Amino acid sequence: MTLAEDVRAEIRTALHDTRTSQAELSRTLGLSTKHVSRVLTGKSALSFELAEAMMSALGRQMTVRVKVAAASRPQLREIVR
């Protein structure tokens, strides 16, 4: 499962737990219901900002941790220089 799929699943769980419909979430965020549906099904991209807004609207906090693998660090240093 990708990070985006995991986040989409968390949003769907939050919708279920809070008994909030996609239509209600759409109205809260000022988005179309169609767009929210497409985002949650993976047919449209899910940005970090939108995911955070959705979770916040559902009373949830989203935390993202980034871990860089040791093998990636030399490449990262090269890019940063």
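Computed from a predicted model, the values in this text were never measured in an experiment. (Residues numbered from 1 in each chain as written. Predicted model: local features only at pLDDT ≥ 70, side-chain atom pairs only at ≥ 80, totals over all residues. Heavy atoms only, no water.)

Side note on unusual backbone geometry
Note: most peptide bonds trans; most residues except glycine with negative phi. Which entries qualify depends on this criterion: Numbered from the N terminus, helices here are DSSP runs of H or I no shorter than four residues, and strands are runs of E no shorter than two.
A positive phi angle, close to 55 degrees, is found at Arg 19, a residue other than glycine. Relative to the assigned elements, Arg 19 resides in the loop between helix H1 (3-17) and helix H2 (22-29).

Observations regarding a nonpolar patch on the surface
Threshold: Only residues above 30% relative accessible area that lack a salt bridge enter a patch, with like-charged residues linked at up to 9 Å and the nonpolar side chains Val, Leu, Ile, Met, Phe, Trp and Tyr linked at up to 5 Å. Surface accessibility in these figures is a Shrake-Rupley result with a 1.4 Å probe; residues are shielded only by whichever protein chains are displayed. Within this document, salt bridges are pairs made up of a side-chain nitrogen of Lys or Arg and a carboxyl oxygen of Asp or Glu, the two lying within 4 Å of each other. Between buried and exposed lies partly exposed: a residue is buried under 20% and exposed over 50% of the maximum accessible area for its type, with that area taken using a 1.4 Å probe on protein chains only.
Judged by side-chain polarity, Phe 48, Val 64 and Val 66 come together as a nonpolar surface patch covering roughly 300 Å² of accessible area. Secondary-structure assignment places Val 66 in the loop between helix H4 (48-57) and helix H5 (73-80). Exposure remark for Val 66: the relative accessible area of 73% places this residue in the exposed category.

With respect to the pattern of salt bridges
Under the defined criterion, the tally for this structure stands at 1 salt bridge. The partner of Asp 17 in a salt bridge is Arg 60, and the shortest N-O contact between them spans 3.3 Å. Of this pair, Asp 17 sits in helix H1 while Arg 60 sits in the loop between H4 and H5; the two residues are 43 residues apart in sequence, bridging distant segments of the chain. Owing to a relative accessible area of 45%, Asp 17 belongs among the partly exposed residues under this scheme.

Digging into the packing of H1 against H4
Our working definition: As a rule, the C-alpha atoms of each element are fitted with a line to give its axis, helices using only the stretch in contact, and angles between N-to-C directions run from 0 to 180 degrees. Angle categories: roughly parallel below 35 degrees, roughly antiparallel above 145, roughly perpendicular from 65 to 115, and oblique for all the rest. Note on convention: near helix rotated counterclockwise from far helix by under a right angle means a left-handed crossing. Clockwise means right-handed. Between two residues, a contact is recorded if the distance between any of their heavy atoms is within 4.5 Å. For this classification, Asp, Glu, Lys and Arg are treated as charged, while Ala, Val, Leu, Ile, Met, Phe, Trp, Tyr, Cys and Pro are nonpolar and the rest, including Gly, are polar.
Remark: H1 packs on H4, axes separated minimally by 10 Å, with the N-to-C direction vectors making an angle of 20 degrees. As far as their axial angle goes, H4 and H1 are roughly parallel. Relative to H4, H1 is oriented so that their crossing is left-handed. Residues Val 7, Glu 10, Ile 11 and Ala 14 of H1 pack against Ala 51, Met 54 and Met 55 of H4. For the contact of H1 with H4, the class distribution of residues is 6 nonpolar, no polar and 1 charged.

The quantities given are spatial measurements derived from coordinates; they are silent on function.
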